[in-house]
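Observations on the model geometry
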Amino acid sequence: MRLGTKTLRDADALRGAGLIAPAARDAIAAVGARYAIAIPPALAGLIEHADDPLGRQFVPDPAELITAPHESADPIADEALSPLKGIVHRYPDRALLKPLLICPVYCRFCFRREQVGDGVLTAAELDAAYDWLRARPAIREVILTGGDPLLLAPRRLGAILQALEAIPHVETLRVHSRVPVADPARLNAAMAEVLATEKPLWLVVHANHVREFSAEARAALRRVQARGVPCLGQSVLLRGVNDSAQALEDLFRAMLAARVKPYYLHHLDAAPGTARFAVPMAEGRRLMAALRGRVTGLALPTYVLDRPGGLGKVPIATPEHV
Ligand SMILES: *Cc1c(COP(=O)(O)O)cnc(C)c1O
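Residues numbered from 1 in each chain as written. Predicted model: local features only at pLDDT ≥ 70, side-chain atom pairs only at ≥ 80, totals over all residues. Heavy atoms only, no water.

**Some details on the site of the ligand**
Around the ligand, the surrounding shell consists of Val-88, Arg-90, Tyr-91, Arg-94, Leu-96, Ile-143, Arg-174, Tyr-263, Tyr-264, Asp-306 and Lys-313. Within the side chain of Tyr-263, one N or O atom sits 2.6 Å away from an oxygen atom of the ligand. Taking Lys-313, its side chain carries an N or O atom lying 3.1 Å from an oxygen atom of the ligand. For the ligand, the protein covers 89% of the area, taking 390 Å² as the surface of the free molecule. Judged by the fraction of its atoms near the pocket grid, the ligand is located in the largest pocket. Those elements that place two or more of their residues in the shell around the ligand are strand E1 (87-91), strand E2 (94-100) and strand E7 (260-266). Tallying contributions element by element places E1 first for the shell around the ligand, with three residues. (Near = heavy atom within 4 Å. Polar contact = N/O pair within 3.5 Å; in protein donor to acceptor, adjacent residues only side chain to side chain. Areas by Shrake-Rupley, 256 points an atom, 1.4 Å probe, with all protein chains shown as cover. 1 Å grid on protein atoms, 1.4 Å probe; cavity = no way out; pocket = protein on both sides within 12 Å on 5 of 7 lines; lining within 4 Å. Sits in = over half its atoms within 2 Å of the grid points. Helix = DSSP H or I, 4+ residues; strand = E, 2+ residues; numbered from the N terminus.)

Have a look at this one:
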């Protein structure tokens, strides 16, 4: 248990926290020059060693500097689907809005760990995004993602949610976030109040391992749930993190116990340098088939692939069942 108070952001900080060996310092610094590093204290305290299910997700590894031939910096073609800065539009009835590209924790399997310069939408860019949404009555749902929208100050996030609520055809709001487990103290009463919007808002919590559901994380979720905000869970299937039926069962049961309905289990996106996390699709399908019947249906997410080239998500079918 490391009881630091600062987010670990470079090789020296990781070495100071005992998360990397002194001899690995230069190799990890080279990774840090390419991909952002951030491990908030709440997560650092849960890591026992760099190769446990939490360490693997958050501690950089020199293997990230090797890009496999099939890997791409924009694996799901978000850029091609972006009509203007901060918006991604792939499906007729919903659009993503990314108010900032900063994240509380740079997961090593995420394509968004590519370092971003100025990661915040300006007021003018936000206004342009609202205008774009207002002009498209087919869009019924706006999904705030990033980066991580819960890194905004509650007042700023509140202003964004209010502006979206004022668009008549926007019926539903969604916030995708790693903050509830990565930095639960941020989900304080003021933030919870902001999420209690007039129109329905769904909070989608990103978590990949049972140990991410600390007492602090569960208390943070209770604060928003007490204000009537329903919660869903999304996870990524990852080698050495949750690639067994037992690990997935434990994760999904922890979600349910925290009143979070497992929604999606994502197949890994082919982001650069993430090969060490890859689990073949046939194996993922077998794992999901093993859970069916063994755990309550409430605990089962849909296993999905976000197809390369911007083609969208598809469930990975289980022919065994047909
Ligand atoms: C994943 C995603 C959504 C949300 O899809 P749901 O299946 O409704 O959760 C919306 N837009 C884009 C571009 C996405 O990648």
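**Focus on the environment of Tyr-303**
Structurally, Tyr-303 is set in strand E8 (residues 302-307). Assessed through its relative accessible area of 4%, Tyr-303 is described here as buried. Measuring from C-alpha to C-alpha, the distance between Tyr-303 and Ala-77 comes to 20 Å, with 226 residues separating the pair along the chain. Contact partners of Tyr-303, with chain neighbours within four places excluded, come to Leu-237, Leu-265, His-266, His-267, Pro-280, Met-281, Gly-284, Arg-285, Met-288, Val-314, Pro-315 and Ile-316. A polar contact of 2.8 Å, which involves the side chain of Tyr-303, links it to the side chain of His-267. (Buried < 20%, exposed > 50% of the residue type's maximum accessible area, 1.4 Å probe, protein only. Contact = heavy atoms within 4.5 Å.)

**Digging into the packing of helix H10 (residues 245-257) against helix H11 (residues 281-291)**
With their axes 9 Å apart at the nearest point, H10 and H11 run at an angle of 60° to one another. Classified by the angle their axes make, H10 and H11 are oblique. For H10 against H11, the interelement crossing comes out right-handed. Taken together, the residues of H11 that come into contact with H10 (itself represented by Ala-245, Leu-248, Glu-249 and Phe-252) are Leu-287, Ala-290 and Leu-291. (Axes fitted to C-alpha atoms, helices over the stretch in contact; angles between N-to-C directions. Parallel < 35°, antiparallel > 145°, perpendicular 65-115°, else oblique. Left-handed = near helix turned anticlockwise from the far one by under 90°.)

**Focus on the domain arrangement of the protein**
Many authors give the size of an interface as the accessible area that is lost as the parts come together. For the protein, the assigned domains read domain 1 (11-65) and domain 2 (87-315). Computed over C-alpha atoms only, the centres of domain 1 and domain 2 are separated by 23 Å. Facing the 25 residues of domain 1 at the interface are 25 residues of domain 2. For the pair domain 1 and domain 2, the summed buried surface comes to about 2200 Å²; carbon and sulfur atoms form 52% of the total. Linking domain 1 with domain 2 are five salt bridges, by the criterion used here. The shortest N-O distance in the salt bridge between Glu-64 and Arg-276 comes to 3.9 Å. One can count 13 residue pairs in polar contact (both at pLDDT 80 or more) joining domain 1 with domain 2. Elements with a minimum of two residues in the side of domain 1 that touches domain 2: helix H2 (25-34), helix H3 (41-44) and helix H4 (53-58). If you tally residues by element for the side of domain 1 that touches domain 2, the top one is H4, at five residues. For the side of domain 1 that touches domain 2, the per-class residue count stands at 17 nonpolar, two polar and six charged. (Domains from an automatic or database assignment. Buried area = accessible area lost by both parts, 1.4 Å probe. Salt bridge = Lys/Arg side-chain N within 4 Å of Asp/Glu carboxyl O. Nonpolar A, V, L, I, M, F, W, Y, C, P; charged D, E, K, R; others polar.)

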